[in-house]
Structures are given as structure tokens and as C-alpha cells.
Amino acid sequence: MSYLKKIEYEMVPTESFLVLRNCSGCGAKAHYKNTKKFRINANGNNLDVWLIYQCEKCKHTFNLTVYERQKVKAVPQEEYRRFLSNDEELAEEYGRNLAFFKKNKAEVDFENAGYQFVKLQETETENDGGQQVLLVIHNPYGLKIRPEKQIAEVLEVSRSQVKKLMEQEEIRVENMSSQSISIYLNNFIM
């Protein structure tokens, strides 16, 4: 009997992303980290909310805009309450949201991004094509990690081994986008 074994993983950040920007205190480009604190300013009916980032070396701060000139009623009450209490979980959610950084034109340091692979599911179905393993790596956060590095980490082999297996067609990348990679493994035991 032939089968197709499909194994799905998701790449998940383990912490807020670091921001790279020029620091006036250090006089050079520096890493800014999430302080997990919000700054809120209300002016009449308008509300501004920022997530505060801080230089790792000299502690200068940089505010990333969450809401700008929003009517108070436009901000969900529960979220507003969480801003007021400096909810760390909410700060982490924003600190892992690439659209948030893009909106703020902030440069994320992907080289030092902490992440892990979480196994989502493993299924087996009958197949006419012989014994095959399909490995799917989902990247919903759009982390900019090279495909061969992702494959190597999931398979727990070196990147040079992955490149060699690709040349030998033991690993075949089928679909690749910023959101996922599909890889067929031939004669590779998982």
C-alpha cells in the first residue's frame, strides 16, 4: 500500500520583533526593543496611542503609532482598557504584527528574530504515487528566513545537507511564497 504523509508546521515568533533605527543617544544604528508599555494621549474626542520601543544600549525611546487621531468611540472599549493597563499580551501582539511595523515604516531586524516551529498536524492518506512525505511550513507572520534554513531546522539537519539533498532531488520544493513552503521528501525518514 502506498501513502502520502503530510506534516504541517507553523513558524511562530517567540518574542516581539526588534526594530533597527538610528539612535540620537548612541549616534549610530541601534536595536530598539518592545517595552510592553503604551503611551496614550487624549485631546478632546481624539485619541492617540503608541507602543513604546527603547534603545537597548542607551534607553532612548521611539513610539510606534497604534492609533492616530481616532475618535474615542472608534477604539474598541476592551482594547482601550488594555492600553490603559499596559497589557503585556496586547503589546506582544502588536510587537509581532508585521503590518503594524510596515504602517510605521519601521525596519524589523529579521536576522535576530526569535522563532520556533510548531507542529500543527500530521495526516496520512492512501496514494498511487508510492511512499511520499509532504512537508508544509506555514509562515503567517511573513518572517524573512531563507527557505533552506527553514527546511534544515524542521528536518534537524544542516543547511549544506539540505542543499545537497536538493541537488540529488531527495528534497523537492514545490510551492514557495512568503506565507508557506511545500516540500516533497523522497527517501527521507521523518
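Participant: Any chance you could break down the pairing of strand β3 (residues 28-43) for me, citing the residues and the numbers?
Facilitator: Two elements, strand β2 (residues 19-23) and β3, share 5 bridges in a ladder whose sense is antiparallel. The residue of β3 that forms the bridge with L20 is H31. Counting the residues in the hairpin turn of β2 and β3 gives 4 residues, including G27, whose phi is positive at 75°. Relative to strand β4 (residues 46-55), β3 runs antiparallel, the two being bridged by 9 bridges. Of the residues in β4, the one forming a bridge with N43 is N46.

Participant: Give a description of the pattern of salt bridges that names residues and reports values.
Facilitator: One pass over the full model with this rule turns up 12 salt bridges. Residue K29 pairs with E107 through a salt bridge whose shortest N-O separation is 2.9 Å. Here K29 is found in strand β3, whereas its partner E107 is found in strand β6 (residues 107-108), with 78 residues between them in sequence. A salt bridge links R82 to D87, with the shortest nitrogen-to-oxygen separation between them at 3.3 Å. Overall, the relative accessible area of 17% leaves R82 in the buried class.

About the cut-offs
- Residues numbered from 1 in each chain as written.
- Predicted model: local features only at pLDDT ≥ 70, side-chain atom pairs only at ≥ 80, totals over all residues.
- Heavy atoms only, no water.
- Pairing = 2+ DSSP bridges.
- Helix = DSSP H or I, 4+ residues; strand = E, 2+ residues; numbered from the N terminus.
- Salt bridge = Lys/Arg side-chain N within 4 Å of Asp/Glu carboxyl O.
- Buried < 20%, exposed > 50% of the residue type's maximum accessible area, 1.4 Å probe, protein only.

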